[in-house]
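Descriptive structure summary
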Amino acid sequence: MKKVNYSYDKITQLIKDNAHKINNYNPDYIIAIGGGGLIPARLIRNYVKKPLYVVTLSLYDDDKIKDTVEIIQWIDNDLSEKKIMIVDEVDDTRKTLDFCIKRFKLINNAKNIGIFVLQNKIKEKLGQLDDDIKYISCENVQDDWIVYPWDL
């Protein structure tokens, strides 16, 4: 599998070039998925001045996808009257994003959900996004091994 390396400069530029899409959506909260979404979410805060929350999940075990998503940290807020923007680094299998959307709807009563990812891998996904989900991807990429600067 081909490795594709991203630098902090490239990541920052992608976020800067796409921040207006998040501002147009105008979320009340930015919610980072712990792990890969933390640094992109923090960089987004340079351009989108909204409160930042973090949820932490575990989907991988020794670089293999688990059958179920483990919740390590979640938020308790009632989001029924709020717009949220969930941030992760890559939309690979979509299993994590699908899990988050369903849980935010069920547990937090979220009705207005957006997704922001740096890269969307062009491949078949395990989860589907409903039409009411605002989806922002900085770029569509091949199913290569992406190496982010925070992974080194």
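Residues numbered from 1 in each chain as written. Predicted model: local features only at pLDDT ≥ 70, side-chain atom pairs only at ≥ 80, totals over all residues. Heavy atoms only, no water.

The next thing to look at is the pairing of strand β2 (residues 29–33). Burial runs high along β2: five of the five residues are buried. Burial along β2 is two-sided: Y29, I31 and I33 facing one way and I30 and A32 facing the other are all buried. In this structure, β2 lies alongside strand β5 (residues 83–91), joined through four bridges in parallel fashion. Residue pairing across strands places I30 opposite M85, the latter belonging to β5. (Buried < 20%, exposed > 50% of the residue type's maximum accessible area, 1.4 Å probe, protein only. Helix = DSSP H or I, 4+ residues; strand = E, 2+ residues; numbered from the N terminus. Pairing = 2+ DSSP bridges.)

What follows deals with the environment of Y148. Positionally, Y148 belongs in the segment after β8 (145–147). Separated by 57 residues in sequence, Y148 and D91 place their C-alpha atoms 14 Å apart. Excluding anything up to four places from it in sequence, Y148 contacts Y6, I11, E89, V90, L118 and Q119. Engagement of the side chain of Y148 in a polar contact is seen with the backbone oxygen of E89, the distance being 3.4 Å. Here the side chain of Y148 touches Q119 through a polar contact of 2.5 Å, side chain to side chain. (Contact = heavy atoms within 4.5 Å. Polar contact = N/O pair within 3.5 Å; in protein donor to acceptor, adjacent residues only side chain to side chain.)

For the structure shown, the criterion picks out five aromatic pairs. Taken together, the aromatic side chains of Y6, Y8, Y148 and W150 make up a single cluster linked through ring pairs. Between K3 and the ring centre of W145, over which it is positioned, the NZ or CZ distance is 4.3 Å. Of note, R103 hangs over the ring of W74, and the distance from its end group to the ring centre comes to 5.1 Å. (Phe/Tyr/Trp six-rings, centres within 6.5 Å; stacked < 30°, edge-to-face > 60°. Lys NZ or Arg CZ within 6 Å of the ring centre and 35° of its normal.)

Among the secondary structure elements, G34 is positioned in the loop between β2 and α2 (38–44). On the basis of relative accessible area, G34 is assigned to the buried category, the value being 13%. Between the C-alpha atoms of G34 and S58, which are 24 residues apart in sequence, the distance is 8.9 Å. Those residues in contact with G34, other than ones at most four positions away along the chain, are V54, V55 and T56.

Turning to the nonpolar core, a few remarks are in order. In this structure, I11, I44, F116, L118 and Y148 are the most contacted members of the largest nonpolar core, which totals 23 residues. Listed by contribution, the elements that provide at least two residues to this core are α1 (8–25), β2, α2, β5, β6 (112–121) and β7 (134–141). Looking at this core, the element that brings in the most residues is α1, giving five residues. Those residues within four positions of F116 in sequence are excluded, and the remaining contacts are I15, N18, I22, I44, M85, I86, V87, D88, I136 and C138. Among the nonpolar cores identified, the runner-up in size contains 21 residues, and V55, I84, L97 and V117 belong to it. (Core = buried A, V, L, I, M, F, W, Y, C linked by side-chain atoms within 4.5 Å.)

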